[in-house]
Amino acid sequence: MIGVRNIVIYIFVLVFHAGCTQIINDDMKYNELTTDEINVIIDKGTERPWTGEYVDHKEKGIYTCKRCDAALYKSKNKFDSNCGWPSFDDEIEGAVKRVPDADGRRIEIVCANCDGHLGHVFEGEKFTEKNIRHCVNSISLNFEHKDKILKPKTDTAIFAGGCFWGVEYLMLKEPGVISTTVGYTGGKSKNPTYEEVCSGRSGHIEAIKIVFDPKKTSYETLAKLFFEIHDPTQVDRQGPDRGEQYRSEIFYLNDEQKKIALSLIEILESKGYDIATKVTKASEFWKAENYHQDYYKNNGALPYCHAYTKRF
């Protein structure tokens, strides 16, 4: 079965490449900003000294970018420079970019993730042993207390939309997705193998478990993407893959997920789609063999039966 699937992959990549090329929106998703925040973070303004929230802030934790939530500075690197703005003598590795001002007189610092303006960096002032000062606008920052950092909130979703290789590949591109695991669920046998699932005797289907950050994405967003990266009108198949193990199904973990899934199906049906996707309470999820995990990433190929189609 594995050899047959690989042959099919390369046939479809070669023959139907244009039709199977996925359209992924790689645009960053940023937090909404106030007018004052836009003035500093986007338009590179400067807040008045001694007015910022974090000038005399002493709590332990992480300072993050207000625009994109990227971690920028640790509290242990904050010091009192008596300049009127928060000062740091080091950044989290790779978090900050340095950009010379147009007049060449100062070095601007911006978030490496979203290019949001933070402030300026100065050297040679001898405030600390590191002899460097990141002078940062408080308004460019948020703060995560150490207790929240130690216990990050995550959520989980489980979807089945045909070959789990393609679903995983496209889901991993969604901002806010922390990790994915492909596996088998929906059946009754324990520790099913790929061969058993393909035989149809296990009752399981190919599925993907997604762990995501609810601050950066939502279950509804992921469920909408699920309906847009596979064909939810196909019964017991997806593209060239045929069999009950390739059926379209959402496995909900709570009543809220069930409600969202049914609501999205209702929306699609109102648009004329004959939806075959089942909505089922989640049961035990069995991790698939290691060679199935991150298959396309590890093998340098592209999905052969999954592509993005806007439906919402």
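For the structure, see preceding data.
For the structure given in this document, a descriptive report is provided here. (Residues numbered from 1 in each chain as written. Predicted model: local features only at pLDDT ≥ 70, side-chain atom pairs only at ≥ 80, totals over all residues. Heavy atoms only, no water.)

**Considering the overall build of the protein**
Next up, step 1: Within the protein, the regular secondary structure consists of nine helices and 17 strands.
Next up, step 2: Taking all 312 residues of the protein together, 46% fall into the buried category.
Next up, step 3: If you take every contact in the protein between residues at least 6 apart in sequence, the share linking residues at least 24 apart comes to 70%.
Next up, step 4: Summed over all atoms, the accessible surface of the protein reaches about 16500 Å², with 49% contributed by carbon and sulfur. (Helix = DSSP H or I, 4+ residues; strand = E, 2+ residues; numbered from the N terminus. Buried < 20%, exposed > 50% of the residue type's maximum accessible area, 1.4 Å probe, protein only. Contact = heavy atoms within 4.5 Å. Areas by Shrake-Rupley, 256 points an atom, 1.4 Å probe, with all protein chains shown as cover.)

**Some thoughts on the pairing of strand S7 (residues 117-123)**
Next up, step 1: Counting buried positions along S7 gives five out of seven residues, so the element sits mostly inside the fold.
Next up, step 2: Here strand S6 (residues 107-111) pairs with S7 via four bridges, running antiparallel. Directly across from Glu108, in S7, lies its bridge partner His120.
Next up, step 3: Taking the residues between adjacent antiparallel strands as the criterion, S6 and S7 are bridged by five residues, where Asp115 takes a positive phi near 70 degrees. (Pairing = 2+ DSSP bridges.)

**Details of unusual backbone geometry**
Next up, step 1: A positive phi is found at Asp115, a non-glycine position, where the angle reads about 70 degrees.
Next up, step 2: For Asp115, the position within the fold is in the loop between S6 and S7.

**Comments concerning the sheet that holds strand S9 (residues 141-145)**
The pairing of strands in a sheet comes from backbone hydrogen bonds and takes either a parallel or an antiparallel form.
Next up, step 1: Strands sit in the order S2-S1-S9 across an open sheet of three strands; the sheet is antiparallel. Strands with a single pairing partner mark the edges of an open sheet, and in this sheet they are strand S2 (71-74) and S9. Taken over all neighbouring pairs, the strand axes of this sheet differ in orientation by 30 degrees on average, direction set aside.
Next up, step 2: Bridge analysis of strand S1 (residues 61-65) against S2 gives three bridges, and the strand direction is antiparallel. The residue bridging Ile62 from the neighbouring strand is Lys74, located in S2. (Axes fitted to C-alpha atoms, helices over the stretch in contact; angles between N-to-C directions.)

**What to know about the sheet that holds strand S3 (residues 78-79)**
Next up, step 1: The six strands lie next to each other as S3-S4-S8-S7-S6-S5, forming an open sheet whose pairing is antiparallel. The strands lining the two open edges of the sheet, one partner per strand, are S3 and strand S5 (96-100).
Next up, step 2: Alignment of S5 against S6, held across five bridges, turns out to be antiparallel. Bridging from a neighbouring strand, Val96 pairs with Cys111 of S6.

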